[in-house]
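# Architecture and fold: a report
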Amino acid sequence: MSQLKALIFNVNGTLADTDQWHLRAYNQAFADLGLGWHWDETLYAKLLEFPGGNQRILHYWRTVNPDMKAIDSHALTDTVAQIHDLKLAHYEATFTSGAVELRPGVLALIEEAMTHGLMLAIVTTTSPVNLSALMGKAMGPGWQYNFAAFSDAANGPKRVPKEKLYQQLLAKLKLEPRYCLAFEDSAHGLKAARLAGLPTLITPTRNTLKQDFSGAIKVVPDLQDLRLSQVLQWHHEVSTDPV
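Now for a look at the structure at hand. Owing to the predicted nature of the structure, the values given are computational and were not obtained by experimental measurement.

What follows covers the pattern of salt bridges. Under the counting rule described, the total for this entry stands at 5 salt bridges. Between R206 and E41 there is a salt bridge, and its shortest N-O distance comes to 2.8 Å. Separated by 165 residues along the polypeptide, R206 in the loop between β5 (200-202) and β6 (218-219) and E41 in helix α2 (residues 41-47) bring together distant segments of the chain. Taking the shortest distance from any N to any O, the salt bridge between E176 and R178 comes out at 2.8 Å.

See below:
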């Protein structure tokens, strides 16, 4: 059977469907600054094709103002960063308020994996504060002791490629990629996990549903009613596929 030893979870979109909260935070930032911008769900789904909030803001800005020319490139970069920092403040306030919850089936799968002795790990670009607010609410104080390792960008460059975070995590776990299974929700996340050599299971959100998930071992709506035995079977099948 499967040689699976660790489950690795992305946070935003995977452990929790955060798209609606990201979108709300962007629009709050735009309103605060009097920009006159408003993103709806359809537009935001398209903007998710761009990795990173700064890139989404800049692309949209250039779309609505195609004649824009930056006299001072640093001024443009600083303005985009200001917008994004304000957005992050609104987003973090949502986490700390307890409004964000785990997606269906996540906690049940985590608990079943713990019962069967699998290691758990988290890779994320979200802040440790946001992560603690989310997991503490779901699993209670000391939730972090149920996880073997974490990898995030908190102590390094903000734009570190996510595949590097996966590689750092594998080093902490002291496991080869083939013994792990990553859980992601987007094409960007899938690409990062695959670049790190990880077999990956996708649970898309409403906004990532139409993205290209070629290379995933399986795409399922969510983890609700998904038993560990099925996960082990899927991992076994991909690990024994002929090269």
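When the terminal C-alpha atoms of helix α6 (residues 128-139) are compared, their 16 Å separation across 12 residues agrees well with the 16 Å that a helix rising 1.5 Å per residue should span. Turning to α6, its buried residues are N130, L131, L134 and M135. Down the axis of α6, the sector holding all buried residues measures 110 degrees, keeping them to one side. Backbone geometry just downstream of α6 places G140 in the positive-phi region, at approximately 90 degrees.

When you tally the buried positions in strand β4 (residues 180-184), you get 5 out of 5 residues, the bulk of the element. Here β4 shows a buried face lined by C180, A182 and E184 and a second buried face lined by L181 and F183. With 4 bridges joining them, strand β1 (residues 6-9) and β4 adopt parallel strand pairing. Bridge pairing links L7 to L181 in β4. As paired elements, β4 and β5 share 3 bridges and run parallel to each other. By the bridge assignment, E184 is partnered in β5 with I202.

Our focus in this paragraph is the nonpolar core. Judged by nonpolar contacts, the single largest core of 34 residues is most densely connected at L7, L15, L134, M135 and F183. Where this core is concerned, the elements lending two or more residues are β1, α1 (19-32), α4 (73-96), α5 (106-115), β2 (119-124), α6, β4 and α9 (228-239). Residues in contact with L15, not counting those within four places in the same chain, are F9, N10, E101, L102, R103, V106, I110, I122, L134 and M135.

Attention shifts here to the packing of aromatic side chains. For the structure shown, the criterion picks out 14 aromatic pairs. With a centroid separation of 5.2 Å and 75 degrees between ring planes, the pair formed by F30 and W37 is classed as edge-to-face. With respect to burial, F30 and W37 carry one shared label: buried. Aromatic side chains W143 and F150 sit 5.7 Å apart centroid to centroid with 90 degrees between the ring planes, which places their arrangement in the edge-to-face category. Look at W143 and you get buried, because its relative accessible area is 7%.

Turning our attention to the sheet that holds strand β3 (residues 149-152). If you trace the 6 strands from one edge of the open sheet to the other, you get β3-β2-β1-β4-β5-β6, paired in parallel fashion. Of all the strands in the sheet, the pair left with one neighbour each is β3 and β6. Where β2 lies against β3, 4 bridges are found, and the strand directions are parallel. Directly across from I122, in β3, lies its bridge partner F150. Contacts from helix α7 (residues 162-173) reach β1, β2, β3 and β4 within the one sheet, and its direction differs from that of β3 by about 160 degrees. Most of the contacts of α9 go to β4, to which it runs at about 110 degrees, and overall it touches β4, β5 and β6.

In this structure, H235 sits in helix α9. Those residues within four positions of H235 in sequence are excluded, and the remaining contacts are S2, Q3, L4, R178, Y179, C180, L181, P199 and I217.

In this section: the pairing of β1. Here β1 shows no split at all, with A6 and I8 on one side and L7 and F9 on the other all buried. Across 4 bridges, the pairing between β1 and β2 is parallel. Within the sheet, the bridge partner assigned to L7 lies in β2 and is L120.

What follows deals with the environment of G13. Note on placement: G13 falls in the loop between β1 and α1. The exposure class assigned to G13 is buried, which follows from its relative accessible area of 0%. Linking G13 and F150, residues 137 residues apart in sequence, is a C-alpha distance of 17 Å. In contact with G13, other than residues within four places in its own chain, are T18, R103, D185, T203 and T205.

Here is what the cut-offs are and how they apply
- Residues numbered from 1 in each chain as written.
- Predicted model: local features only at pLDDT ≥ 70, side-chain atom pairs only at ≥ 80, totals over all residues.
- Heavy atoms only, no water.
- Salt bridge = Lys/Arg side-chain N within 4 Å of Asp/Glu carboxyl O.
- Helix = DSSP H or I, 4+ residues; strand = E, 2+ residues; numbered from the N terminus.
- Expected span 1.5 Å × (residues − 1).
- Buried < 20%, exposed > 50% of the residue type's maximum accessible area, 1.4 Å probe, protein only.
- Arc of directions from axis to C-beta.
- Pairing = 2+ DSSP bridges.
- Core = buried A, V, L, I, M, F, W, Y, C linked by side-chain atoms within 4.5 Å.
- Contact = heavy atoms within 4.5 Å.
- Phe/Tyr/Trp six-rings, centres within 6.5 Å; stacked < 30°, edge-to-face > 60°.
- Axes fitted to C-alpha atoms, helices over the stretch in contact; angles between N-to-C directions.

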